[in-house]
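Listed here are the chains, written in short residue letters.
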Amino acid sequence: MIAKALGLVLTAALLPGTPTPLTRTPPTGLHKCANASTPCDGTINVPLDWENASSKGLSVAFTWIPAKDADGTVVANRGGPLAAVPTVPDLQKTLGPVLERKNLLVMDPRGLGKSSPPPCEGVDFFKPETVAACAKSVGSQGAYFTADQASHDLDAIRRALGLGKVSFFGNSYGTLYAQAYAARYPDSLDAVFLDSTVVVEPDGYASWQARSQLRYLDRLCGQSKACDALPGSASGTWTRLVNRLRERPDPEVTLYRTFTMSIPEEPVLGREINAAAAAYLRGDPAPLRRLARLGPKTSPPGIHPNPAGYLAYRCGDGAFPFDRLASAAEREAQAERYYERVRPLAPYQIADLVSAGVSGLEWCVNWPTPRNSAPRPPGQALPKVPVLVIAGDFDVSNSPAEVERSLRAFPNATVVRVPFGWHAMSFRPGPLGDCVRGTLRTFLTTKQVRDQNCTGENYRAIGAFPQTVGDVPPQPVRNLSAAQRRILAATFATVADATARRNPNGYLYTTVQHEPGLRGGQVAFGQDITLDKVQFVRDLWVSGPIKLTPDGRATATLRAESGGRTHEVTLTWTAFSTRPSLSGTFDGIPFD
């Protein structure tokens, strides 16, 4: 996804030149794929404008994967807006056993992939002049690469394959395609499953609001006694951090990096981000600088394989802080006034994130939207079919409460909040992804809404990054002196810090093989986690292996050096738990 951290979920053949007069009447003959017993790639011809049968024709591509003795069909879209056909392997893996009895239909939305993408060269969304040039090149046809038109394309394919009712599985932008289809073809659906839903505003257009999400930091901290004990609020601490970095720039912790870090989808971020910000403000930059290495210093180029199609969908389907019918200059002025008045990015300023001003953030300033193309028209009757919606606490797009408000338009929708859940959970590895996939598969197979209590809540936000052994509260165990209990606590903090980077619900660290210790030494991630003189605090060096089982049972055999003495420490604990237990030995003395 392009510019995901900006809260914008982003995710060159010429269009056919000969008009193809088509209507919304079902085709007289079925498509060749209708009789296929093996996967079949196909295309159909559709009009550019479904309300004008004589408009220019487009070719729309799809993949059809029939199941033996199928009792239904799943239509699926992974999101983007991107070409969907290349995501078929991901969709097959995610749907799993569902496809033993269900056909799978995946369409490349018009303007994307193999479905007649308008040509545009050299487009970088963060360079407004390239967006304007693309819009000029595409011309008036750009108003028809939108979800409302794509819904008609999809139903034409459904009819061409001779299908009855279908189930729709939409993820991210795919949820908007699903809502557009439901609004126009309610009698063609028998169930809908939505993951990471795009919220539709009362005017029927999708909300693409660029905003900061500091409320997520407050929510994280409120779940942890240690974090909640920090002075002030988490969002207030972050605001002070942003202001400090604007006054005194740090090349290792850029403002753009802090923006991406403030949405705690990665468990390591959720565990450490509040304590790292507080430490930075107290003069200890190491924890925040370590986290900052996870992301780019500045926004990457806004490049997309089908930029015209992408912009057409985003702009044609979206609601923005400007008049859809205004000129580009008027839109830019309206957007500037909005950001100055409402300050949705606070404590950030536009210049902290992009260099091109408001039009470098609001790309649709330069993309005309002359047609009424609301994906889910206000007042439109929606089907009374089962609708199951999965919404994560820390979804980069919208909160569960926002999703629930938007989907009240569906008479039979159930929104399931996933604690500590993220964006696109159906496709994520780890226990959380497995649980959500189980919910998806059960629903599409039975049409029954069963909340399997999925959660990503397997950690608590820490409250501090101690700098010395003396800063660490002693471990509350018997048989050890106060000094020994402090060294034990600092040793455990060191291994817990390393183990956190292998949280099974994480994704950013899955390919990391080596990382420096917080204040020295090296951590190697292989079959075991191996510490080589790792310093979590300055005056303690810890070495040795950590063995981690799939169910989170951790054991470590360690040498801990501090104050000129070496201690032999063994530890056994439950990792990835909000209540970890700890036992082991310290210089041969057992504790529990």
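Note that the structure is a prediction, hence the values are computed from the model and not measured.

Q: Outline the overall build of the protein, supporting the account with residue identities and numerical values.
A: For the protein, the helix and strand inventory stands at 16 helices and 18 strands. Since a compact globule built from 592 residues should have a radius of gyration of about 25 Å, the 27 Å found for the protein is in line with a globular shape. Counting over 592 residues, the protein shows a buried share of 59%. When the accessible surface of the protein is split by element, carbon and sulfur atoms take 51% of a total near 23,400 Å². Here the protein holds 63 positive side-chain charges and 54 negative ones, and the gap between their average locations is 2 Å.

Q: Outline the state of the cysteines, supporting the account with residue identities and numerical values.
A: Across all of its chains, the model carries 5 disulfides by this definition. The disulfide partner of Cys33 is Cys40, and the gap between their sulfur atoms is 2.0 Å. Every disulfide takes its handedness from the sign of the S-S torsion; for Cys33 and Cys40 that torsion is -65°, giving left-handed. Going through the protein in sequence order and numbering each bonded cysteine, the pairs you get are 1-2, 3-4, 5-6, 7-8, 9-10.

Q: I'd like to hear about the packing of helix H1 (residues 88-95) against helix H15 (residues 430-446), residue by residue, with values.
A: Where H1 meets H15, the closest approach of the two axes is 9 Å, and the angle between their N-to-C directions is 80°. With respect to H15, the element H1 is oriented roughly perpendicular. Residues Lys93, Thr94 and Leu95 of H1 form the contact with H15, whose own contacting residues are Arg437, Leu440, Arg441 and Leu444. Looking at the contact of H1 with H15 residue by residue, the class counts come to 3 nonpolar, 1 polar and 3 charged.

Q: Tell me about helix H7 (residues 234-247), residues and numbers included.
A: End to end, H7 covers 20 Å across 14 residues, agreeing with the expected 20 Å (1.5 Å per residue, within 8%). Inspection of H7 places Ala234, Ser235, Gly236, Thr237, Trp238, Leu241, Val242 and Leu245 among the buried residues, and these make up the whole buried set. Buried-residue contacts for H7 involve helix H5 (214-222), helix H8 (255-261), helix H9 (267-281) and helix H10 (286-292).

Reading the values: the criteria
- Residues numbered from 1 in each chain as written.
- Predicted model: local features only at pLDDT ≥ 70, side-chain atom pairs only at ≥ 80, totals over all residues.
- Heavy atoms only, no water.
- Helix = DSSP H or I, 4+ residues; strand = E, 2+ residues; numbered from the N terminus.
- Rg over C-alpha atoms; globule rule 2.2 N^0.38 Å.
- Buried < 20%, exposed > 50% of the residue type's maximum accessible area, 1.4 Å probe, protein only.
- Areas by Shrake-Rupley, 256 points an atom, 1.4 Å probe, with all protein chains shown as cover.
- Lys, Arg positive; Asp, Glu negative; His and termini not counted.
- Charge placed at Lys NZ, Arg CZ, Asp CG, Glu CD.
- Disulfide = S-S within 2.5 Å.
- Axes fitted to C-alpha atoms, helices over the stretch in contact; angles between N-to-C directions.
- Parallel < 35°, antiparallel > 145°, perpendicular 65-115°, else oblique.
- Contact = heavy atoms within 4.5 Å.
- Nonpolar A, V, L, I, M, F, W, Y, C, P; charged D, E, K, R; others polar.
- Expected span 1.5 Å × (residues − 1).

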